[in-house]
Structures are given as structure tokens and as C-alpha cells.
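Observations on the three-dimensional arrangement
What follows is each chain in one-letter form.
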Amino acid sequence: MSWWVIELTTNLILLGIVVILGPLIKRFGRSYAGDIFRANPRTGKSYLVLMDVAYYLIFVSYILFTVTFEPSFAWESSTAAVLQDEVVRVAGMLLIMGLLHGLNVLSLPLIGRLLGMSRRLGEDMPAEPPG
């Protein structure tokens, strides 16, 4: 099998992972973000939109960084070397997704609390300074 067929297949798999897992994570995370941003739902919606943009930027750039336009020297000896490199690419994508998702899940309550506190502080302040 030619190296470029494996490369093209891997790129399609990576794009499929991004297209399938992105909306899936968003769908299940929407209720979690709703609980976190209960005091300010507009902020929660804005946060989710910004995280979606970041998600697609990170993973599209990962795919572009790892695209190969010519075969590596190690690939000329066996198809196994090509397959191993491509499996590492897919595993790298899944690892980055998992780490970023875990970081987001752990940091979201802190972000929600900080944004909620700043909103309450703004509401406690008088509209016009006394004077």
C-alpha cells in the first residue's frame, strides 16, 4: 500500500474525530456549563462559543502540523513504520483532546465562580457615586 493512501486515510480519521467528538462533548457539557453559570447564563453561552472556536483551532492546527507531503526514510523499509507513525498521530490527537477536556472540566467551576463574583461585586456598587 502506498504511503500517501495511509496518510490520506489518517487525515480523514483525524477530521472525523474532530467532527464527531466536538459536538458530542459540547452536547454533554452544555448541562454542566449551565450548572456552573447558573447565575449568569449569557456568560456561560459565550464561554461555550469561545471554547468551541478554541477546540477547532487547536485540532485543525494539530492536523496541519502533522501532515506529511513526502515519505520518511524509515517508511521506505516497511509499511509497519508508516502505520506506527500514523497511529501515533491519532493517539496524539486523542491525548490532547482528553487533557484539554479534563483541564476544562476541572477549571470551569473556578472560572464560573470568579465570573459570578465579579458580577455580584458590580451589582453591589452604587450606580452613581455619592456626592
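Residues numbered from 1 in each chain as written. Predicted model: local features only at pLDDT ≥ 70, side-chain atom pairs only at ≥ 80, totals over all residues. Heavy atoms only, no water.

A few points about the overall build of the protein
- Within the protein one finds 3 helices and 0 strands.
- Counting from the amino terminus, helix and strand elements in the protein follow one another as α-α-α.
- Among the 131 residues that make up the protein, the fraction classed as buried is 24%.
- In the protein, the share of contacts with a sequence separation of at least 24, taken over all contacts with a separation of at least 6, comes to 86%. (Helix = DSSP H or I, 4+ residues; strand = E, 2+ residues; numbered from the N terminus. Buried < 20%, exposed > 50% of the residue type's maximum accessible area, 1.4 Å probe, protein only. Contact = heavy atoms within 4.5 Å.)

Let's talk about helix α2 (residues 41–66)
- Counted at 1.5 Å a residue, the expected span for α2 with its 26 residues is 38 Å, and the 38 Å between its end C-alpha atoms agrees.
- Along α2, the residues classified as buried are Gly44, Tyr47, Leu48, Tyr55, Phe59, Tyr62, Ile63 and Thr66. (Expected span 1.5 Å × (residues − 1).)

Quick notes on the packing of aromatic side chains
- Counted according to the given criterion, the structure contains 3 aromatic pairs.
- Between Phe37 and Tyr47 the ring centres are 5.6 Å apart and the planes differ by 40°, which places this aromatic pair in the tilted class. Placement of the pair is Phe37 in the loop between α1 (3–36) and α2 and Tyr47 in helix α2, with a sequence separation of 10 residues. Pair check on accessibility: Phe37 and Tyr47 agree, each one buried.
- Note on Tyr55 and Phe59: the rings are 4.9 Å apart at their centroids and 65° apart in plane angle, and the pair reads as edge-to-face. Taken together, the residues span about one helical turn, with Tyr55 and Phe59 both in helix α2 at a distance of 4 residues.
- Tyr55 sits in the buried class, given a relative accessible area of 14%. (Phe/Tyr/Trp six-rings, centres within 6.5 Å; stacked < 30°, edge-to-face > 60°.)

Here's the deal with the environment of Val105
- Within the secondary structure, Val105 is located in helix α3 (residues 79–124).
- Residue Val105 is classed as partly exposed on the basis of its relative accessible area of 32%.
- Linking Val105 and Ala33, residues 72 residues apart in sequence, is a C-alpha distance of 9.1 Å.

Some details on the side chain of Arg89
- Along the chain, Arg89 falls in helix α3.
- Filtering out sequence-adjacent residues up to four positions away, Arg89 remains in contact with Glu7, Thr10, Asn11, Leu14, Tyr62, Ile63, Thr66 and Val67.

Looking at the nonpolar core
- The biggest cluster of nonpolar side chains holds 10 residues, and these are Leu14, Ile17, Val18, Tyr55, Phe59, Tyr62, Ile63, Val90, Met93 and Met97.
- Going through the elements one at a time, α1, α2 and α3 are the ones with two or more residues in this core.
- Here the element with the most residues in this core is α2; it accounts for 4 residues.
- Not counting the four nearest positions on each side in its chain, Tyr62 is found in contact with Val88, Arg89, Gly92, Met93 and Ile96.
- Counting residues in each nonpolar core, the second largest holds 5 residues, with Ala33, Phe37, Leu48 and Leu108 among its members. (Core = buried A, V, L, I, M, F, W, Y, C linked by side-chain atoms within 4.5 Å.)

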